[in-house]
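Close look at the chain arrangement
Listed below, chain by chain, are the residues.
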Amino acid sequence: MKFSGKNVLITGASKGIGAEIAKVLAKMGLKVWINYRSKPELADALQQEIREAGGEAAVICFDATNEEQFVEALNAIVSADGELSYLVNNAGITNDKLSMRMKLEDFTSVIDANLTSCFIGCREALKIMRKQGFGSVVNIASIIGEIGNLGQCNYAASKGGMIAMSKSFAKEGGSKGIRFNCITPGFIESDMTKELKEEIKNAYASNIPLGRFGKGEEVAGAVAFLLSDYSSYISGEVLKVNGGLYM
């Protein structure tokens, strides 16, 4: 991959898809900033793994839903590196239950963690990147934001909102060459899916044309493409990484 910039901030990067994105981007030569909110041991272990593999990584703690903390973190990155080249808004949560049983706080907590945090990141990145004259942002949405799901109206709303919001940011940033795109992962192997019974996993996989769950590094590869110069004429797009489950 070819990159014009030198660093990337990944929110919620200490584990799961975020960690895989960090490892892949570090292998491609970017300095990765690993954001975490809790469990510093996971972020530190990831940083060590990246460094041992010859990459460059730094750890930064902040709550992505906290505007002041997010802004301070971005200022610290720019102060340290002289720029913010790329941003991956990956932080998020789920709180699943049927809508009739969902309290307002169950809904708003997911909106804040997934959508509001993404808004803060996009807005502040645009401010910084406009001054630089370059930059690219990738927001990790979900297939659920495209098709909805039982018991996930809060999650679907947050991820669907992320898709629509990214298109708006793409229009605002376009005149300065700043790109905003989305990835919508489908069923991806994770600690949570490992706990599923084999028959349940097979039932899910039977509906996927490629016949299997995706891997974190496959999502990471798509992120790398959308950040890189190879996608320099792509903005406001949604790249599906779901094995053909939703086309």
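Before any of the text, the structure's been laid out above.
The present account deals with the structure reproduced in this document. (Residues numbered from 1 in each chain as written. Predicted model: local features only at pLDDT ≥ 70, side-chain atom pairs only at ≥ 80, totals over all residues. Heavy atoms only, no water.)

**Concerning the overall build of the protein chain**
A tally of regular secondary structure across the protein chain gives nine helices and seven strands. Against the compact-globule benchmark of 18 Å for 247 residues, the protein chain has a radius of gyration of 17 Å, which places it among compact chains. Taking all 247 residues of the protein chain together, 47% fall into the buried category. Here the contacts in the protein chain between residues at least 6 apart in sequence split such that 73% fall between residues at least 24 apart. (Helix = DSSP H or I, 4+ residues; strand = E, 2+ residues; numbered from the N terminus. Rg over C-alpha atoms; globule rule 2.2 N^0.38 Å. Buried < 20%, exposed > 50% of the residue type's maximum accessible area, 1.4 Å probe, protein only. Contact = heavy atoms within 4.5 Å.)

**Focus on the packing of aromatic side chains**
Per the stated rule, a full pass over the model turns up six aromatic pairs. Ring centres 5.5 Å apart and planes at 15 degrees place the aromatic pair Phe187 and Phe213 in the stacked group. One end of the pair, Phe187, is in the loop between β6 (179-185) and α7 (191-194); the other, Phe213, is in the loop between α8 (198-205) and α9 (216-227), with 26 residues separating them in the sequence. On the basis of relative accessibility, which here comes to 33%, the residue Phe187 falls in the partly exposed class. We classify Phe213 as buried; its relative accessible area is 7%. Put simply, the rings of Phe119, Phe169 and Phe180 touch in pairs and so form one group of aromatic residues. (Phe/Tyr/Trp six-rings, centres within 6.5 Å; stacked < 30°, edge-to-face > 60°.)

**Overview of helix α1 (residues 16-27)**
The end-to-end C-alpha distance of α1, which contains 12 residues, comes to 17 Å, matching closely the 16 Å that a straight helix rising 1.5 Å per residue would cover. For α1, the full list of buried residues reads Gly18, Ala19, Ile21, Ala22, Val24, Leu25 and Ala26. Lining the buried residues of α1 we find β1 (7-10), β2 (31-36), α2 (40-52), β4 (86-89), β5 (136-140) and α9. The positive-phi residue at the C-terminal boundary of α1 is Gly29, with phi of around 105 degrees. (Expected span 1.5 Å × (residues − 1).)

**As for unusual backbone geometry**
You will see that Lys39, though not glycine, has its phi angle at about 55 degrees, which is positive. Relative to the helices and strands, Lys39 resides in the loop between β2 and α2. Exposure remark for Lys39: the relative accessible area of 46% places this residue in the partly exposed category.

**Topic: the pairing of β5**
Of all five residues in β5, five are buried, a share of seventy percent or more. The two faces of β5 match: Ser136, Val138 and Ile140 on one face and Val137 and Asn139 on the other face are all buried. Both β4 and β5 contribute to a ladder of four bridges, which runs parallel. By the bridge assignment, Asn89 is partnered in β5 with Asn139. Running through helix α4 (residues 104-132), the crossover from β4 to the neighbouring parallel element β5 is right-handed. (Pairing = 2+ DSSP bridges. Right-handed = clockwise from strand over helix to strand, strands pointing away.)

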